[in-house]
Each structure stands twice: as C-alpha cells, then as structure tokens.
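Each chain, written out:
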Amino acid sequence: MQRFTVNIKLPARTLTGALSAPNRGAADWGWQGLIAYGCHSLVLVVDANSAQTLQVLERHKASVVKVKWAKENYHHNIGSPYSLRLASADATGKIIVWDVATGAARCEIQEHSKPIQDMQWLWNQDASRDLLLAVHPPNYIVLWNADTGTKLWKKSYAENILSFSFDPFDPSHLALLTSEGIVFISDFSPSKAPASSGKKVYISSPHSSPSHNKLAAATGAKKALDKVKILISNEKPSAESVTLNDCLQLSYLPSKRNYMLLLYPREILILDLEVNQTVGVIAIERTGVPFIQVIPCFQRDGLFCLHENGCITLRVRRSNCSITATPNEEPDPEPAQELVYDLRSQCDAIRVTKTVRPFSMVCCPVNENAAALIVSDGRVMIWELKSSISGRNVRNSSSSASPLYSPVSFCGIPVGALQNKLPDLSLDNMIGQGASTGEELRNSFLQEVHLKFLLTGLLSGLPLPPFAIRMCPPLTTKNIKQYEPILAVGTSNGSVLVFHLTSGLLHKELSIHSCEVKGIEWISLTGFISFATSTPNNLGLVRNELQLVDLPTGRSVAFRGERGNDEPAIEMIKVSHLKQYLAVVFKDKPLEIWDVRTCTLLREMSKFPTATALEWSPSHNLKSLRKKQLAAREAMARQTVASDTEVSSVESSVISLLQEAESKSELSQNISAREHFVFTGADGQVYHLTVEGNSVKDSARIPPDGSMGSITCIAWKGDILVLGDVDGNLNFWDLKARVSRGIPTHRSWVKKIRFAPGKGNQKLLAMYNDGVEIWDSKEVQMVSSLRSGRNVNFRILDVDWCTSDKVVLASDDGCIRVLDLSMKPSCFRMDEQDLIEPVWCPYLLVPRASLALKAFLLHQPWDEKYSLDIMDIDYPENENIKNLLQEQLNSLSNDIKKLLLDPDFTLLQRCLLVARLYGDESELHFWTIAAHYLHSLCQEKPAKPDTAVLHEQLLNPLDICYDVLCENSYFQKFQLERVNLQEVKRSTYDHTRKCADQLLLLGQTDRAVQLLLETSSENAHYYCDSLKACLVTTVTSSGPSQSTIKLVATNMIANGKLAEGVQLLCLIDKAADACRYLQTYGEWNRAAWLAKVRLGSEECADVLRRWVDHLCSPQVNQKSKAILVLLSLGCFTKVAEMLHSMRYFDRAALFVEACLKYGAFEVNDDTKLIHAVYADYARSLKLLGFKEGAALFASKAGESGKELLSELKQPKEEVTQE
C-alpha cells in the first residue's frame, strides 16, 4: 500500500500543450542547468536531467518570443548567491525579468509595442550583472538595467535589426544582423551608447552567385567554393544579384577569436573576420535536409546543427594533421585548403507534419554534451552525447574523416589509464584537441572514440484542443486511504488522458473512441463513462459511442451495446449521486435511464419532451434502507437463537430460511436506493422523477418561471437548486424556505454550472461563452470572474472543480490550468511542489545552504573519510535544511558520486567538477586554467629534460578558446595555421596586403616578400610594396640601419601610423618596443597577441604584466580577467593575494591549498598570506553555519585562526557543563 499521506492540497499549476508560431525562437538552456521555453504566453522551466517541468511562469499577455537565462559569470557568495534569473520578452515588446524559484516578476520593461527581436545579458564586466541588451523593432538597441527596469541608453541604426551577437573574446565588439547585411560595432560599452553607427558590410547571398548552380556537380563543393570567394563587400551589391538577405543566423565562434559563422538554409559559412573572407563552407547536398539553426561550441571547435526534419547533428572541425594519408596516395599539394567540419554524430529525425515541426534547439552551455529539441506540439526531447572507445585497428577505411581521440586529461589534469574518469562529463572530456601530429599520437596511449546521441529525456504536452475535462470524485473520509487526485481529459482524437494532479504528470493515455470525446463522468475512483459523437451526416444523425472504462486495467466496454449508429447526438450524460443510474440526454430524442451496475436500460422516456437540462438530486433513501436491513438481520438472529432452544413450529423455520435467502441476496447485490432527478423541457417546465430498482416514476411537474428563457443547465446541492438559461440568467431556488431569486449576469448563454465538493460548501462555478464566474449560493453573490479578452487572452472550453477551493479550466491555447478561487493566473514556488524524481539544482536552496553544500563537496574527506551523507558532519542547521541538502546529494548520478568519493580524485579536479555541477561559469574558467598551469609549470620543478615537458604541452595544450591565455608555442602554431589559410583564400589586393602584414608580424619574412612582389604594376601601391619587399630582404643587423629604422618607426607612430610603425619595429626584432607603443595607444589585445607570437617568455611576461595592471585599474575593472592572465604566467602568489583582496575567500583558500599540494608556494615566504586566507575563509564558513569546515580551516591558519578556533569550541563546552 502507498504511504499514508493526505496531501490533497493541490498546487496551482498549468498543464501545457502545443506552442504557437511566435514561440519559435523562445528557448534557452542556462548555466543553471535548466531549460526555459515559451508556450503561448507562458514560460516553462524544465529540468534537463529528469525531464520534469519545474515552473510555469504566467504574466505575459501575448506570445513569448525570446527567453534568456542570466549569466553565472561572477563570484558567488552570501551577498550575490546562486539565483535563478530569467528574462522573457513577448510579442507586444514587454520584457519581464523573473525570479524563477518564487515565480515572482522582479521587474517589467516596456519601450515599444512590437515584438522584441533579440536580447542578451551582458556577461563580461565585474561591475554589474543586471544589464540586458535588447533589440526593439524596427531599428533600436536599448541597454536596460534588468534589476530596476531603468533604461541606460538607446541607439538607432539605419536598417532593421534582426539579431545580434557579442564577440566572446572582446566585450566591446558586437555584430548586428540587419535586413541588408551586417553592422560591426567596435565601441560597445555599458556606460554609454556607441558613438559611431558601426561598419556596414553587405552579404551577397551565396544562392545568387553563379557558382551555386554548379554546387551539385560531381566536382563537389570544393571547386565551387573558390568561386564563392567574396561574400562580404563594403559596396552595396547590385539589385539583381541580391534578392533578399536570407541569412538565418549570425554568430561569433566562441572556440577561437575573430571567426564568425553565417547560417543559410543550405550552407554554413565560416568567416575569418581579420580578412572578411570565407574560410570554410559546410554545404548540404541537393538531397539533404536544410538547416534551421546552429549552435557553436566553445570547448571544441564543433557545431550543433538543427535540420528541418528535427535531426540534430554534431560537426567537429577536422584537425590539420594528415594522419590518415597512406604513403601510396599522392599527398595533397595544398594541405590547409579550408576549415572542414566532419559530421560526427546525428540523432533520429521526428515525423514532420503540418502541425508538428521542430521549433528550436538549445545546447547545454556548461558541458556542451547535450542538446534539447523543442517541437511545435509541445514535446521537448533531450539528446545526450555518449562516447564509446573503439578498438585501435578496426577503423573502416571508407570514412574520410580522421578519427577522434580521447583526451589525455580528465577535469583539467592528465590521468593514467587506470584512474577513475567519466568521459561523458563534458565535450572536452570526450574528445581531445586533435592538434598534435601523427608521430606523437602513435607513441601515446590515445584511444579512438565514437560519439552517438542518446535520447535521455522526453516531455510531451497536451494534444490540440478542444478538451472535455472531468475531475474524479472528491475526497471523503471513507476514501482517504486510496484517494488520488486524477483528472480525465477527453481529446478531439478520441483518446482520454488521465493526469495525476499532485505531480502534473500524465498517468495514463487511453485510446477509447474513434471521434471527438464530448464528455466524461466518473462512476467510482477507478472507473468512468465517456461519450463521443462523430460528425453528423446529411440527416443530422451521428454515431454515438458510450464506453465504460476501468482505469487500473484500461478495459473498456461499449455501455449501450449495439445501439448508437445513426441516431441523434448525445447531448450529455449524468450519473446519479450514488453512482447507480445514468441518464443519457439526446438532441432530438427522449432521454434514456440506465442502470450503471448491470449496464441495462431501465426506461426510455418517450412520453416526455426532449430534455434541455438535467440534474440528479443529492437526496436518497440509502440510510433508511440500511436501517431496515439491520433491523431484519437482528430479527433473524433472534429467531435462530429461539429456534435452537425450543422446538418451534414448521412455519417459523420456513420464514427464517426465506429471510436468510433474501438478506444474502440483498448483501451480495447493493441495495437499490431510491434516487430522484429533475429535468426541463424546451418550454421551461421542470419535471421531477424518481428511480428505484428498475422502475421510473413521474412524481411532480413545476410550471416554467416566466422570467427565465430556455433552461440550459441545472445544479443541485443540499437544499439549493440553481438553473441557468440561454440569456445568462441564474435562478437560485431554496427548496427548504421555498423562495427563488433570479440574477441576470448579462453574460449570454450559461453553458455549465457545478457546485463545489465538500459538505456545506455552497460555492458554484458557472461557465459562459466568454469566461467563468464563481458564485457563493448561500449569499447569492459573485466571488470572482474571468473574462476572455478582458483579463485573459484565451477562451475557456471546459471547467470543473478540482478540490473544494481549486478549479480547473481547459482553454483554447491548449492549456489546462488549476487555479484557486480568485482565478488569477499564479506562479507557484518551486520548493512547494512534489516532484516524482529529485532534481539536482542547488539554485533552489537558500543561499546559505547552497554555499554550505558546495563546501561540503569540495573539502572531502571529513574526519579522514569520504562521505556524501550530510548527517555525518557537524552542521547545526535545522532538520528541514539538512534534509533538503541530503535530497540534493542523493539526486547526483552514481558516476558523479563515485568520482566525489574517490580518494585519487585531486582537489583541482574536484573544484572543476563542482564548478560544472553548479554551472558556475567564472569558477569553471578559473579552475580550468589554474589546473592546467599548476600541473604543467610545477612538474617542471624536478630537473626534467625540456623535450619531455614540451612533449606533454603539445599533447595537452590549453584549449585555443582561452586565446591569449594559451602557451606561447601552441598560440604561435595556431596563428601560423591561420595565416596559411588566409593566404590560400585571398582574392583581392586588400586581402593580400593584410596577409603580408600578418606574416611580417609573425616573423615569416620570406613569404611576406613573395606576397609583396605580387602587386600588379597598375596598382597605386605598386611602388611602395616593391620598396617594402626590398627593405624586408635587406634588413641587416648593422647598427646604423637599425637606428634609422627605429627613428622612422617612432616618427610614424607619433604621426598616427601605428600599425606601420609596429611592423618596422618587428622587422628589426624590436617587438618588445612595439608592444610598449601598442599599449601606450590603448591597443592592449594587439600588444598581448604580438608578445605571444614574437617575444621570449621573459619579455612576453613583462608585456602581459603591464596588461594585468591595466585590467586591474579602477576605470577598466576587469580583475577577474587579470587573474586568469596571471595564472597563465605562473604568478601563483600574486593570484592568491588578488583573490584574497577581492574577498573571494573560498576560491582563495582552495587555490592556496592546491598550490601547496603542488609545491608552488615557498612555505616560509608565504606563510602570512596563507594563514590570512585560511582564517578569512574559516570566518565565512562560520557565517554559513558550517562549523566543521570553519574549524578545519581555522586549525590550518596558525596564529590567525586560534581566536576563531576557541570561539567555535566554546558553545560545545557550555553544552557539556549543563
């Protein structure tokens, strides 16, 4: 038996169905681990791991067109806790910022009344986390403070803006996709609107270029590509060549700097923004399925693509090494032709119909190993990538793509073959970088991996309306043990869905009918009768289906047997109060009375007119019958006792036998109690009839009330009878006092009236064409009202009572809402609802608890033992919070529990794993870089030959998505590959010149000279370029020429020719001076780039240190970025000091501990700092109420921690004295 709980306090909730067309782009997967998407005017929040709906946000009046989760790229503490913030925008231009956990709106923003085209939270500055940039049609971008709703600035542009994308590497760069082309903004700042109107470039559509019709030729896309060289030009293209910019999406690649992708239905173009040139095309063959969306990854250079058939594909860039080439093939003459993205995995497509189409795809931003597809019929499908390791030599030679290899490291640190690891944790733990060359691969233990998509979660919505809904019989003291609040929903395709309303989940779907279900009546807690009618034929006759369904088994019986073909349609069915009898009312045919228990027809009321409304009376004679039965039993008992003692006459024994037989039959069959019902004819006359056993008697007729029109519905409870008519009048009859009151509601036809369940509860629910009202029939006054078009945008299709104080409404937007008596659409608190499966979401805990949970996971082992049981440690919070924490711990997957309990799992890996579990962006980047450099720099301490270190760095470099934080050697290699590609792709003089400039800066003088000499003699720059070529070849290290060039360079820089001066300085190996000049003129990123590609490690470190000081200055205030740069330089002590000064106590303490493990600190020099960090961290843990952790760190903090230790121990002593 189920555990005995009476929780029939149903939460107010909304069951949703199909989406509307404007919801197409409204979906987002946040760092918080939750998916939000728009459904009509609602915003749904879904947990991706357990596929459960956690929250439905209802406040918008129009369809939601965009949703965006706030970024988590900041340090979390008690002051700025983990919280669920979401912005949603609708078709009338309103933006609402939500606190999702409580369901409350934090602020509402409105500028214009047109749908918001795009919006994005700013993520990069340490100053404020509340800034939201939105595109208000047709051509405005507005920056909002999303906490207060104030407008910071507004800027308009010449064309209509469709969407925008921020450069992930440079927060001041922004690209707008407009109706004509792209506008690049390079002076974006939160403090003021961009001054310039941006640099405008035009896209000539690839379809209009002559090459496009040749794409399908046998030569393939490669040759055609060379003809699609220029796509981006500064001149406006001629009218006939461009039909319309059919670019679907524009987005910067987060995996490497200065690349952008443009999505067209049949191809994805990868642009190199340094030369505004296409360097890669992913084209779909003529038979392929077009794209509708693409999401680029940051951890690996991969793309998640969504196709029109709902198939999600993952494409990963092929690495440039030619491992696969076998010696007998002739080698490719130009190796780096273009960026090639190989299809690595694809999931199953869905069945696309008129109403079922893929709407959008979202990808998990933390791990990038899962994608969710949102379908127009309300389904959400969650696909996860799984990797499998294949045998080394089993590769089938036919696949052209080079193999993918597993990474060397797990959670940032190289691991041996035997260590515990969880390859499916994230994309970068599944596949290695593939940047190494063949020789190295052969002697390392890399394994080849294959990726596949697995469907791990599916949420389905309600089918399309119309619906007929009916709640199961109410809770009483008798059925309390087995009661479950279930709602039956009849749909237009003939199936009945049964929902469990405490969880909101679909309990059963029963296919019962072949046409639209018109009504459902329950006959017990586990059975119901439903009826459906087909569309009428030309005589107006239909096929009626009336089925009796048993819910536990799903068995259904045709209730009226063979009847039902070609007769007038059933209007309604009503079951009597004791569930004994059923009245079936037809359109133009007398009503029928059936016995529910035996499925027999008692009487066809042919003498009476057709009923327009009918209701069973709540009064019956069951109690008096039971009394009679008991009396008979007692008499029998007396007789049998008497007959034992004295010899009785024959008669008495015969009588007793008869009585016994009678009582047995009465007990085995339920006694037939007498029940009454009333119905009205078309003339308004009320007929009152009684049914007993199998006889139906006519008992009274009441003449029509002159003030009422034709009666449409009746409700009866206790002594109150209510009639509703076609004109919207309600007539209340008090049968005891014999008075009637008519109330005109002026709301047209009363479609349905129902009394609320519960003894003495006289509330009444009335449904009209345009809404619903709740009345109190005792006081005869209205409690609340809901009107379509006035307070809500949907029409009500059906209503019922859920419990004595909650109603359920089905509406034409495909939703079913459970509301309280005020009928105001309300959001519930997420912690109040019962979930079937526990959900890992520390964001739902109170701030203190979520941070304490984090500390508990990070500082394992406690008391020398690893445990995931919060009760094992001294954490003096109240039981509720402890239980919530334990629920969170239990909801972690077994794989992750195994890692957390593994003693070999190092502190750095633990920090990275917890950053992923919490979806903490700033923490994830910090620990990735910290783990990498602590591991690589501190292993060099023992005298290792340089080659071995280099070898490891090449095999396991920091991902290029960290850009200037990567190792210099890897960074240089990447930049050279990039220039090679640009050189192959160049098509105009401008491109050639840019390539030559880059080559000079990279020190590749020979190739630069070749390019300079290509300039044609007609070109205006012919003379300059020729002289420059001579200069480059003749620069020698003689003193005078060097000093001359240096003087010329400094003059050039002083006169505003910064780039040219820097080039000259690089020619004479004065790159360090060049970097200094660049920094003086504010070109900090360029200086860092140059230092990484040209300078030795010492000089490079000087340049980057100056950059760090600049980033820390108050006007720039990007300390978090400065810390990452310091990590890449190996200045670990400085990092610890900065973290401590920024009051990032938890991160500082963990970092110090990791450094001590790696021997990165000289213990005696840094003791003071170490103690200060530990003491402050202990204090912050004490604030969280996490005493055990506080004591642990206080004991490590030497002198500084002694006072704190004594404070922590005092309360314990007091307790012992008592």
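This text goes with the structure placed above it.
Treat the numbers as computed from the prediction; the structure is a model and nothing was measured.

Rules used throughout
- Residues numbered from 1 in each chain as written.
- Predicted model: local features only at pLDDT ≥ 70, side-chain atom pairs only at ≥ 80, totals over all residues.
- Heavy atoms only, no water.
- Helix = DSSP H or I, 4+ residues; strand = E, 2+ residues; numbered from the N terminus.
- Buried < 20%, exposed > 50% of the residue type's maximum accessible area, 1.4 Å probe, protein only.
- Contact = heavy atoms within 4.5 Å.
- Areas by Shrake-Rupley, 256 points an atom, 1.4 Å probe, with all protein chains shown as cover.
- Polar contact = N/O pair within 3.5 Å; in protein donor to acceptor, adjacent residues only side chain to side chain.
- Axes fitted to C-alpha atoms, helices over the stretch in contact; angles between N-to-C directions.
- Parallel < 35°, antiparallel > 145°, perpendicular 65-115°, else oblique.
- Nonpolar A, V, L, I, M, F, W, Y, C, P; charged D, E, K, R; others polar.
- Pairing = 2+ DSSP bridges.

Engineer: Please set out the overall build of the protein chain residue by residue, giving values where relevant.
Structural biologist: A count of helical and extended segments in the protein chain gives 26 helices and 60 strands. By the burial criterion, 54% of the 1218 residues in the protein chain qualify as buried. Counting contacts in the protein chain only where the partners sit at least 6 residues apart, residues at least 24 apart contribute 56% of the total. Carbon and sulfur atoms form 52% of the exposed surface of the protein chain, whose accessible area is close to 53,300 Å².

Engineer: Now, about the side chain of R817: what can you tell me, with residues and values included?
Structural biologist: Locating R817 in the fold gives a position in strand 60 (residues 816-820). We classify R817 as buried; its relative accessible area is 1%. A polar side-chain atom of R817 sits 2.9 Å from a polar atom in the side chain of E58. Once residues lying within four places of it in the same chain are set aside, the contact partners of R817 are R13, T14, L42, E58, F794, V807, V808, L809 and S811.

Engineer: Any details on helix 25 (residues 1187-1196)? Residues and values, ideally.
Structural biologist: All buried positions along helix 25 are accounted for by E1188, G1189, A1190, F1193 and A1194. Phi turns positive, to about 60°, at G1198, one or two residues after helix 25.

Engineer: Any details on the packing of helix 9 (residues 907-918) against helix 23 (residues 1145-1158)? Residues and values, ideally.
Structural biologist: Viewed as axis vectors pointing N to C, helix 9 and helix 23 meet at an angle of 150°, and their least axial separation amounts to 9 Å. The angle between helix 9 and helix 23 places the two elements in the roughly antiparallel class. Of helix 23, the residues touching helix 9 (which contributes L907, L908 and C911) are L1150, E1153, A1154, K1157 and Y1158. Of the residues that constitute the contact of helix 9 with helix 23, the class distribution is six nonpolar, no polar and two charged.

Engineer: So, the sheet that holds strand 5 (residues 52-58): which residues are in play, and what are the values?
Structural biologist: Ordered by their spatial adjacency, four strands build an open sheet running 2-3-4-5, and the pairing between neighbours is antiparallel. With partners counted over all chains shown, the strands left at the sheet margins are strand 2 (27-29) and strand 5, one partner each. When strand polarity is set aside, the average angle formed by the axes of neighbouring strands in this sheet is 20°. Two strands pair when backbone bridges link them, and strand 3 (residues 34-39) and strand 4 (residues 42-47) are joined in this way by six bridges, in the antiparallel orientation. When the sheet's bridge partners are listed, Y37 is paired in strand 4 with L44.

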